[in-house]
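Structural overview
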Amino acid sequence: MTPEEFRHAGHEVVDWIADFRATLESRPVMARTAPGEVARAFPTTPPEQPQSLEALFATLDATIVPGVTHFGHPRFFGFFPTGGSLSSMLGDFMSTGIGALGLTWQSAPALTEVEEVTTDWVRQMVGLSAAWRGVIQDTASTATLVALVCARERTSGFALTGEGLQRGGSPLVVYVSEQSHSSVLKAALVAGFGRAHVREIGVDASYAMRPEALDRAMREDQARGWTPCAVVATSGSTTCTAFDPIDAIATLCVEHGAWLHVDAAMAGSAMVLEECRPLWAGVERADSIVLNPHKWLGAIFDCSLYLVRDPEHLVRVMSTNPAYLQSTAATGVTTYRDWGIALGRRFRALKLWTLIHLDGVESIRARIRRDLDHARWLAGVVAATPGWRVVAPVPLQTVCVRHEPPGLQGEALDAHTRAWCDRVNASGVAYLTAAVLDGRWMVRVAMGAPTTERRHVEETWRAMQDAVA
C-alpha cells in the first residue's frame, strides 16, 4: 500500500469509525454470537491475492462488530468504565503512524519526553506531590507485578543479584484485602511469593481492610519467622469501590518494614476532583501507586500509569544494559526500558497527551462529576423501590443492587439475581455484571462510558425492573 492508497483508505476508515460511534447507541450492548461463530465466517486459508477495502468493511459490519461487546456504549455498566474518548483515539492513530519504538532515549527522544510530561500532568491532576514520578505500563496487572518485585528486592536485599528466593531464609509475605482484584494474587504468584505467603485480610462493614486485622497478621507472621514484605491497599475495589484506610495501613507498613502499593486502577481518576481526595488520605505515604487513564479518565486502552517515590530503586531492580543498547546519551535522560518489564515500548503517551490537550482537564472533571451524579440518582431510586436494595456504600460511580422478592433467600435468591442480570444483558438494552458480596450474588451498575447521560441510566433501570417482572 502506497502513501496515497493509504490516504484514501484512511479517510474511509475514519468515516467508518465516526459512523460506528454515531450509531453505537442503537446497537445491542452485548455480543450475541455463539462460540466459534465469528471464526467460521472467515476463510480457512489466507487469501493469495489482495482483497478489496469494500470487502473488509463488509466483514467488519456483518461479522466483527456483532461479535463485540461494546464497552463504550452509553448503556454499558459492566466491569469498570473503559476510556474511549475520540480525542485519545487520535493520539493512538498518530502513535501507530509514527511507528516509534522506545528502546532507549536516543531511539525516540520525543517518546520518552512526552511520556515524562504527560505522566507529570496526571500526577498534578490527581493532587500528588512532586515527589512522585510515573511511567506508562500496559495494564494495572503489570504495574502491580512490578511493584511486588520491587518490594521483594527491597526486603530481600536484592536477592535477584544472587540466588533469588531459592537461597532459603525467612519467607516473604504479601498482605491483600479480601476485596482486592484478582490480578494482585496473580502478580504475587508470578513474583514468586507462593500462595501460602499471600495473606487475605478481613474487611469492615464498608468492605475496607481492617488495620487491626492487618497488624495482627503481620505480628503473627513475624512470630513464626516470616517477614512482612508488601501490603497492597485498594482505593476503589473492583466489586464495590471500597477504599482501604491508607494512612493507617501506611503506619503499619513503616512499623513492620513493608512496601505499600496502592491499587487505584479505576478510582484514581476520581482524584482529579478535590472533593474525592479524602477517600485516599495518606496516599503520599505509599511507595507506589497504579491508576489507569484507560479507565475512567478516558484514554484509549492500553494506558496504565505506575507512580513511584523512589525511581532509583525501580531502575536498580529492573535495569539491564546490554552493549547494543548503550549510547552516548545514556546519562541525564530517562531510560524507560529500566522502569518495567518490557524492553521495547509503544508511544502510548501520545493518546494521553491528545486526550488532555484536546479535552482539557475541566471537561474531564465535569464528566466524572456527571457519573457520580448518575450513581447517586440510581442509588436513590433503587433504595426507594420496594423489593430492591442497595447492598454496599456508593462512594463513587458503582451501585451494587439486589432484587429481593419476599421469601426468596440463599441459593434461590442467588439464582434469581443472576437470572435477571442475564436477561438484561441478553436483551441488548444494557450490560451489567454480577458479583459476590458477603457470600451472596448481587449486580453491579458501574457508570463511566464517555457518552452516558441520565436517560441511559433511566432506561437501564427500567430494563432491570422489566427483567425481574
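Look up a bit, the structure's there.
Rules and cut-offs
Residues numbered from 1 in each chain as written. Predicted model: local features only at pLDDT ≥ 70, side-chain atom pairs only at ≥ 80, totals over all residues. Heavy atoms only, no water. Helix = DSSP H or I, 4+ residues; strand = E, 2+ residues; numbered from the N terminus. Contact = heavy atoms within 4.5 Å. Patch = residues over 30% accessible without salt bridge, like charges linked within 9 Å, V, L, I, M, F, W, Y side chains within 5 Å. Areas by Shrake-Rupley, 256 points an atom, 1.4 Å probe, with all protein chains shown as cover. Salt bridge = Lys/Arg side-chain N within 4 Å of Asp/Glu carboxyl O. Polar contact = N/O pair within 3.5 Å; in protein donor to acceptor, adjacent residues only side chain to side chain. Core = buried A, V, L, I, M, F, W, Y, C linked by side-chain atoms within 4.5 Å. Buried < 20%, exposed > 50% of the residue type's maximum accessible area, 1.4 Å probe, protein only. Expected span 1.5 Å × (residues − 1).

**Some thoughts on the environment of Asp15**
For Asp15, the location among the structural elements is in helix α1 (residues 3-22). With 113 residues separating them in the primary sequence, Asp15 and Leu128 have C-alpha atoms 40 Å apart.

**Topic: the environment of Val290**
With respect to the helices and strands, Val290 occurs in strand β6 (residues 288-291). The sequence separation of Val290 and Val333 amounts to 43 residues, and the corresponding C-alpha distance is 23 Å. Residue contacts for Val290: discarding those within four places in its chain leaves Ala140, Ala143, Thr144, His261, Val262, Asp263, Ala264, Ala265, Ser304 and Leu305.

**Comments concerning a nonpolar patch on the surface**
A surface patch of nonpolar side chains, amounting to about 620 Å² of accessible area, comprises Val14, Leu90, Phe93, Met94, Ile98, Trp353 and Leu358. For the nonpolar patch, the secondary-structure elements that each account for two or more residues are α4 (86-98) and α12 (349-359). With four residues, the single largest contributor to the nonpolar patch is α4. For Leu358, the location among the structural elements is in helix α12.

**Thoughts on the side chain of Thr118**
Along the chain, Thr118 falls in helix α5 (residues 109-125). Within the structure, Thr118 has its side chain in polar contact with the backbone oxygen of Glu115 (distance 3.4 Å). Once residues lying within four places of it in the same chain are set aside, the contact partners of Thr118 are Ile136, Ala349, Leu352 and Trp353.

**A closer look at the nonpolar core**
Ranked by size, the top nonpolar core spans 58 residues in total, and within it Leu214, Val231, Leu260, Trp280, Leu352 and Leu396 carry the most contacts. Core analysis: the next-biggest nonpolar cluster, separate from the first, contains 33 residues, Ala143, Ala188, Val308 and Val317 among them.

**Quick word on helix α6 (residues 140-156)**
The α-helix winds at 3.6 residues per turn, so residues separated by three or four positions along the chain end up facing the same way. Taking 1.5 Å of rise per residue, 17 residues should cover 24 Å, and α6 covers 24 Å from first to last C-alpha, within 8% of that figure. Burial runs high along α6: 14 of the 17 residues are buried. Gly157 lies just past α6 and shows a positive phi near 70 degrees.

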